[in-house]
Amino acid sequence: MADGGCWRPPRPCEAYRAEWELCRSAGHFLHHYYVHGERPACEQWRRDLASCREWEERRSAEAQRSLCESERARVQAARKHALVWAPRQSPPADWHLPLPQEKDE
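Residues numbered from 1 in each chain as written. Predicted model: local features only at pLDDT ≥ 70, side-chain atom pairs only at ≥ 80, totals over all residues. Heavy atoms only, no water.

The name an unreviewed UniProt entry assigns to the protein is Synaptic plasticity regulator PANTS, from the organism Ceratotherium simum simum. Checking UniProt for the protein, the heading Subcellular location (unreviewed entry) contains the comment "Synaptic cleft". (UniProt positions renumbered as here; feature names shortened; annotations may be inferred.)

Next comes the structure, spelled out in C-alpha cells:
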C-alpha cells in the first residue's frame, strides 16, 4: 500500500473537507448532543483534511502514516458495534397461527 508514488489517500481530500464541515454544522451538533449528550469531536476530520492536503502537496510520509492510522481506527470503531437483532435461521414454529386477541376489547 505504501509503495512510493502510487499510494493514494483512502478518500479524496474533498471527502474529508465535507465530513469536517458536516461535523461542524448546527444540525449535526444538535443531533449529536441530543443522542450522545456531548459535543461532537470534529478535530480528527480537520487533522485528516490537513494530512490529505499535505500528502497531495508534499508527499509527506508522516501525512500518509497519519491518514492510514486514522482510517484504521475509524474502521475498528465501526466494527466494534454488535448487531442489534440476531438473524433467524428459520421462522417461529407458530408463525401461521392467528394473533391472540386483546382482552380489553
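A.B. asks: Even after reading the chapter, I still don't get the pattern of salt bridges, so can you show me in this structure?
C.D. replies: Two side chains carrying opposite charge are able to pair once their charged atoms lie near each other. With the rule as written, the count across this model stands at 8 salt bridges. A salt bridge links Glu 71 to Arg 11; the nearest nitrogen and oxygen atoms lie 3.1 Å apart. Remark: Arg 11 occurs in the segment before helix H1 (13-24) and Glu 71 occurs in helix H4 (residues 61-79); sequence separation between them is 60 residues. Its relative accessible area of 12% is what places Glu 71 among the buried residues. Take Arg 11: its relative accessible area is 24%, and that puts it in the partly exposed class. Two residues, Arg 74 and Asp 48, come together in a salt bridge whose shortest N-O distance is 2.7 Å. On the criterion of sequence distance, the pair formed by Arg 74 in helix H4 and Asp 48 in helix H3 (residues 43-58) is long-range, its members being 26 residues apart. Given the relative accessible area of 0%, Asp 48 is considered buried. Each of Arg 11, Asp 48, Glu 71 and Arg 74 takes part in one network of salt bridges that share partners. (Salt bridge = Lys/Arg side-chain N within 4 Å of Asp/Glu carboxyl O. Helix = DSSP H or I, 4+ residues; strand = E, 2+ residues; numbered from the N terminus. Buried < 20%, exposed > 50% of the residue type's maximum accessible area, 1.4 Å probe, protein only.)

A.B. asks: What should I look at first to understand the packing of aromatic side chains in this one?
C.D. replies: In this structure the tally under the stated criterion is 2 aromatic pairs. Between Phe 29 and Tyr 33, the aromatic rings sit 6.0 Å apart at their centres with planes inclined by 15°, giving stacked as the arrangement. Taken as a pair, Phe 29 and Tyr 33 lie in helix H2 (residues 26-36) at a separation of 4 residues, close to a single helical turn. Its relative accessible area of 30% is what places Phe 29 among the partly exposed residues. (Phe/Tyr/Trp six-rings, centres within 6.5 Å; stacked < 30°, edge-to-face > 60°.)

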